[in-house]
Amino acid sequence: MHLTEEEKKMLESDNPAVRKAMKLLVKLGDIYGAEEMVEINSAQASGVSYKSIGDPGLKFLQEFADEGAEVSVPTFANPAGMDLERWEEMDISKEFAEKQNEIIEAMKGMNITIASSCTPYLWSNLPGRNEHVAWAESSAVSFANSVIGARTNREGGPSALAAAITGRTPKHGLHLDKNRNPTHVVEVEADLKNISDFGALGSWVGKKVEDGKPYFVGVTSAGTDELKSLGAAMAASGAVALYFVEGVTVDQRDVSDLERLSFTEGEKEDEYLKLTASEEPELVVFGCPHCSINEIEEISKKLEGRTVTKDLWVFTSKAVKAWSDRMGYTDVIEEAGGKVLSDTCNVVCPIEDMKYESMGTNSGKAANYLPGFCKQDVMFADTTELIDKVVE
Amino acid sequence: MKVKGRGVTEGEAEGEVLFSSEPIGFYGAVDIDTGKFIEEGHELEGENIAGKVLVFPRGKGSTVGSYVLYGLAKNGKAPAAIVNEETETIVATGCILGEIPCVDNLEVPLGELVDGKKAFVSADDGKIETKG
């Protein structure tokens, strides 16, 4: 791989963390056949939850921080395994909390912003079109590539961290024009009424196209929340990192020679059935990916003056939580008996160690992950139906 | 026997060959403090990978596997070297972080490296030499 003088200097740096980070990127670049590095403007660090990385990850991060690792571009942390302040209310053990806090401290030491969220683009980190970044959370990667038009591969924990430290990533995959073209056309005939319908579509398509790049036609309108739900589901059931919605994210393109799939009302209903193994959730969760302020407002309106008889958790970022507190949405939800939690989510917190066996979600992504990662029987349905399940 | 391959990382090491025809997902499969292979039903279950020339087709599973290889190295329980059919990013990352010599893309099938034989692995030159 061709390296600039500055990049060569990093390989010989006095700082062992810089040296190691650059070495890692060069080797990964060699494996992927990259010809050079590309400078990035931001990074997203994954592998934050103690549940995900365990003691091996904690040890690595601590030693890396001790060696002098420090990020050189704005870098935001992915969700942790608990609400960093209200973890006791989540039945998180003291031991887990201590380990989680050690991970957070190590990351803070590297100057990573402890945003603990999968939606940095909602409040702080919005790249420009064609800007190169190194993001690691799969739904954020999909949103960055597809909706924003920035360029990132699906990074892993160590590779995103190495990119954050050096400010570079090997130029291959989705950083190159030639790899950013649609591979399948998806004709959407079903009526998409809410974010869970977009999640059902995403879940279905991800399984069909795996790591392909679907091009949707027939979606007449989709906002940030709908696209966030669609992309997240495709990145969970498949490995989609870039998609196109004709008339929404891109203008019309010639896709006449691509394989065509068709998503009808029948496929939509079938996907809900496939992702549902329980009709009686003990815990209902919203916020996978993390809720926007609009989603929280909707939930609070539906809960106003009602009483939740089971458990109901809303996951969001600390930033959006602050707005929710200020607008009174948090009070409405918590007076009804729910909780608004930040910093964590239903996939990376240790739900399998809690008292629950069945969960309700409006997220196509969560519905794909909860049975495996959290050992839960899932009910996949839209927000209104789920709320009706757990209120008096 | 001398075999050529591609050096994925750097360094040289010698050890006894421990061969697996199955891929390995290190997270959950290997005890980080002892190097013992603990995944139930895997053909290496019960073996210890510390100090061995570990030969397997490729890595799989959780990306935390990289941290496991690093942790094993820090505890002095890492394989002496790793030889793959094709090294993917999880194992490559772990070998770079843990400074474990790693070679892939051999000119012969992996099965030519026989269990229990001594092997010298040079990731610097991308070659393997077996003895006896």
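Residues numbered from 1 in each chain as written. Chains lettered and ligands numbered in written order. Predicted model: local features only at pLDDT ≥ 70, side-chain atom pairs only at ≥ 80, totals over all residues.

Draft legend 1. Examining the overall build of chain B more closely. When its secondary structure is counted, chain B shows 2 helices and 8 strands. Counting from the amino terminus, helix and strand elements in chain B follow one another as β-β-β-β-α-β-α-β-β-β. The C-alpha radius of gyration of chain B comes to 13 Å, within 12% of the 14 Å expected for a compact globule of 132 residues. Taken along the three principal axes of its C-alpha coordinates, chain B extends 35 × 25 × 25 Å. For chain B, the proportion of its 132 residues judged to be buried stands at 48%. Partitioning the contacts of chain B with sequence separation of at least 6, the portion at a separation of at least 24 is 73%. (Helix = DSSP H or I, 4+ residues; strand = E, 2+ residues; numbered from the N terminus. Rg over C-alpha atoms; globule rule 2.2 N^0.38 Å. Buried ≥ 20, exposed ≤ 12 C-beta atoms within 10 Å, placed from the backbone. Contact = placed C-beta atoms within 7 Å.)

Draft legend 2. Expanded view of the sheet that holds strand β13 (residues 377–380) of chain A. All names here are of chain A. Here 5 strands make up an open sheet; going across it, the order is β11-β10-β9-β12-β13 and the pairing parallel. What marks the edges here is a single partner per strand, and that holds for β11 (339–342) and β13. Neighbour to neighbour, the strand axes of the sheet diverge by 25 degrees on average, direction disregarded. Of the strand pairs in this sheet, strand β9 (residues 283–291) and strand β10 (residues 311–316) are connected by 5 bridges, and their pairing is parallel. Its bridge partner being in β10, Leu283 is matched across the sheet by Asp311. (Pairing = 2+ DSSP bridges. Axes fitted to C-alpha atoms, helices over the stretch in contact; angles between N-to-C directions.)

Draft legend 3. Structural detail: the sheet that holds strand β5 (residues 184–188) of chain A. Residues and elements named next belong to chain A. Strand order in the open sheet made by the 4 strands is β7-β6-β5-β8, with parallel pairing throughout. Each edge of the sheet is formed by a strand with only one pairing partner; in this case those strands are β7 (244–245) and β8 (259–263). Note that strand β6 (residues 214–217) and β7 share 2 bridges and pair parallel. Counted as the bridge partner of Phe216 is Val245 from β7.

Draft legend 4. Examining unusual backbone geometry more closely. All names here are of chain A. In this structure, the amide linkage connecting Cys288 to the following residue, Pro289, adopts the cis form with an omega of -5 degrees. Positionally, Pro289 belongs in strand β9. The phi dihedral of Asp91 falls on the positive side, at around 65 degrees, and the residue is not glycine. Tracing the sequence through the fold places Asp91 in the loop between β3 (75–77) and α4 (94–109). Overall, the presence of 14 C-beta atoms within 10 Å leaves Asp91 in the partly exposed class.

Draft legend 5. Broad picture of the domain arrangement of chain A. Residue and element names in this part refer to chain A. Taken domain by domain, chain A comprises domain 1 (5–177), domain 2 (181–273) and domain 3 (275–390). Taking the mean C-alpha position of each, domain 1 and domain 2 sit 28 Å from one another. Between domain 1 and domain 2, the contact holds 11 residues from the first and 14 residues from the second. (Domains from an automatic or database assignment.)

Draft legend 6. How the structure looks around the interface of chain A and chain B. Taken together, the contact pairs 18 residues of chain A with 16 residues of chain B. Elements with a minimum of two residues in the side of chain A that touches chain B: α2 (16–32), α3 (50–66) and α6 (157–166) of chain A. At 8 residues, α3 of chain A tops the list of elements feeding residues into the side of chain A that touches chain B. Counted by class, the side of chain A that touches chain B contains 7 nonpolar, 6 polar and 5 charged residues. (Nonpolar A, V, L, I, M, F, W, Y, C, P; charged D, E, K, R; others polar.)

Draft legend 7. View of the pairing of strand β12 (residues 358–361) of chain A. Residues and elements named next belong to chain A. Examined bridge by bridge, β9 and β12 share 3 bridges and lie parallel to one another. Each residue of the ladder has a partner; that of Val285, found in β12, is Thr361. Bridge count between β12 and β13: 4 bridges; the pairing is parallel. Among the inter-strand pairings, Ser358 is bridged to a residue of β13, identified as Asp377. Once you follow β12 into helix α13 (residues 364–373) and on to β13, the crossover reads as right-handed. (Right-handed = clockwise from strand over helix to strand, strands pointing away.)

Draft legend 8. Up close: helix α2 (residues 89–98) of chain B. Of all 10 residues making up α2 of chain B, 10 are buried, and the element is well covered by its neighbours. Those residues of α2 of chain B lying buried are Thr89, Ile90, Val91, Ala92, Thr93, Gly94, Cys95, Ile96, Leu97 and Gly98 of chain B. Contact partners of the buried residues in α2 of chain B: α2, α3 and α6 of chain A together with α1 (65–74), β5 (81–83) and β6 (102–104) of chain B. Two residues or fewer past α2 of chain B, Glu99 of chain B is found with a positive phi of approximately 55 degrees.

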